[in-house]
Every structure is written in C-alpha cells, then in structure tokens.
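# A structural walkthrough
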Amino acid sequence: MRAPALNAELRPFVAPGDENAPAGAGTLHAAEFDSPLGSMVALVHGEHGLALLDWTDRAGLERAVRSACVELGARGAPAEITRATHPLAERARTQLAEYFAGERRAFDMPLAPLGTPFQRRAWEALGRIAYGATRSYGAQAREIGTPAAVRAVALANGANFRCVVIPCHRVV
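## Regarding the overall build of the protein
Scanning the protein from terminus to terminus reveals 5 helices and 4 strands. In the protein, the succession of α and β elements from N to C terminus is β-β-β-α-β-α-α-α-α. The 172 residues of the protein split such that 44% are buried. At a minimum sequence separation of 6, the contacts of the protein that also span at least 24 residues come to 63%. Accessible surface, the protein as shown: approximately 9,000 Å² in total, 55% of it carbon and sulfur.

## Observations regarding the confidence of the model for the protein
Within the protein, residue pLDDT values average 84, and 85% of them lie at 70 or more. Considering each helix and strand of the protein separately, the mean pLDDT is smallest for strand S4 (residues 80–82), with a value of 88, and largest for helix H4 (residues 137–143), with 97. Throughout residues 1–23 the model reports pLDDT below 50, and contacts reaching past four residues in sequence, or to other chains, amount to 38 contacts.

## Notes on the layout of surface pockets
There is about 360 Å³ of room inside the largest pocket. Lining the largest pocket are 22 residues, and of these Leu111, Trp123, Gly127, Val165 and Ile166 sit closest to its centre. Considering every element that reaches the lining of the largest pocket, the biggest residue donor is helix H3 (residues 117–127), with 4 residues.

## Description of unusual backbone geometry
Of note in the backbone geometry, Val164 takes a positive phi value of approximately 70° without being a glycine. Here Val164 lies in the segment after helix H5 (150–158). Residue classification places Val164 among the buried positions, given a relative accessible area of 6%.

## Structural notes on the pattern of salt bridges
For the structure on display, the rule yields 7 salt bridges. Salt-bridge contacts for Arg128 lead to Glu143; the nearest nitrogen and oxygen are separated by 2.8 Å. Of this pair, Arg128 sits in the loop between H3 and H4 while Glu143 sits in helix H4; the two residues are 15 residues apart in sequence, bridging distant segments of the chain. Classification of Glu143 by relative accessible area gives partly exposed; the value is 38%.

How each quantity is defined
Residues numbered from 1 in each chain as written. Predicted model: local features only at pLDDT ≥ 70, side-chain atom pairs only at ≥ 80, totals over all residues. Heavy atoms only, no water. Helix = DSSP H or I, 4+ residues; strand = E, 2+ residues; numbered from the N terminus. Buried < 20%, exposed > 50% of the residue type's maximum accessible area, 1.4 Å probe, protein only. Contact = heavy atoms within 4.5 Å. Areas by Shrake-Rupley, 256 points an atom, 1.4 Å probe, with all protein chains shown as cover. pLDDT = per-residue confidence, 0-100. 1 Å grid on protein atoms, 1.4 Å probe; cavity = no way out; pocket = protein on both sides within 12 Å on 5 of 7 lines; lining within 4 Å. Points joined across faces, edges and corners; volume = space filled by probe spheres on them. Salt bridge = Lys/Arg side-chain N within 4 Å of Asp/Glu carboxyl O.

Pasting the structure below:
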C-alpha cells in the first residue's frame, strides 16, 4: 500500500518548485511510506543523517519538523523541505521493512545531530538497549550518570522523533 500524500501539517514546509531539483546544505529530504503500524514520514539531512522518522499522525509532529528545520538550517536560515529523493531515506525505508519483518534487530544509518546535549545522551543510551530488552526511566537516568533526572530522561525520550531507530519504546 502506498503512503498518502504529504501530511497537511508538513505541506507548509515543503519548498516550492521541482521536487527532483538538487537540494542545498540547508535542505531536508522528505519521504513517506507505509509500515505495519501506519504511515510514516522520514526527513533526511543530506549525508548528515536521519533527522526525523515518525508516524504522520503523531501529536507534535509539526513542532518536531519546525525544530529540525531550525536546528539543521544553513547560516542561520531554517532548512527547507524537499521531496527530492535521497539514498538515506530509501535506506531507512528498507531497514524499517526488515525490522518489522523480523529480519533486522538493529539499524545502521547516520543520525543528524539534533537535540540538546542531555537529550543526545539519553538517546544514545536508548540505542544501547538490546533488542527484546526493556529498561526503566530510572535505570536509563543512572546509565547516563544523572540518577536524579528520571523525569528529564522521560521528557528527552518523549522528544525523540526518530522512533523505532532510536528505540524509546523499550523504556517502560
């Protein structure tokens, strides 16, 4: 099944013009596809990596897109979004399909540098949770050296918009 047209929340961010035109350094490449759990959108920041991967109906998606555009823009200008194809978006689609088919347990793709230093530490800890394992927020907070920051870890996990690839679903 083909994913629906670009979600209405994202349409204002898509750069006008030729969808296949070459994109600049301040550009995010958008791709949509279906998964067994629903329609997903991926934003790729060139060779820097995956900036966003989430369900198109997730609350807060527009805020995450705006944040990615601001953080990954060039020379202080927000990044634009284009539908120009990018190999990393196809790689994300392929690896997700393998994961949902039970053929993959870990992801192998670069991630764009997003988030605060604390969020990055929390997300790196998520990436170290083995397939099939779970952790508590408290255990994750201890792992990153901030045992009293359980709520902050939970907030950082909630700010993760690269779902499945950064496995926040493994923290209960």
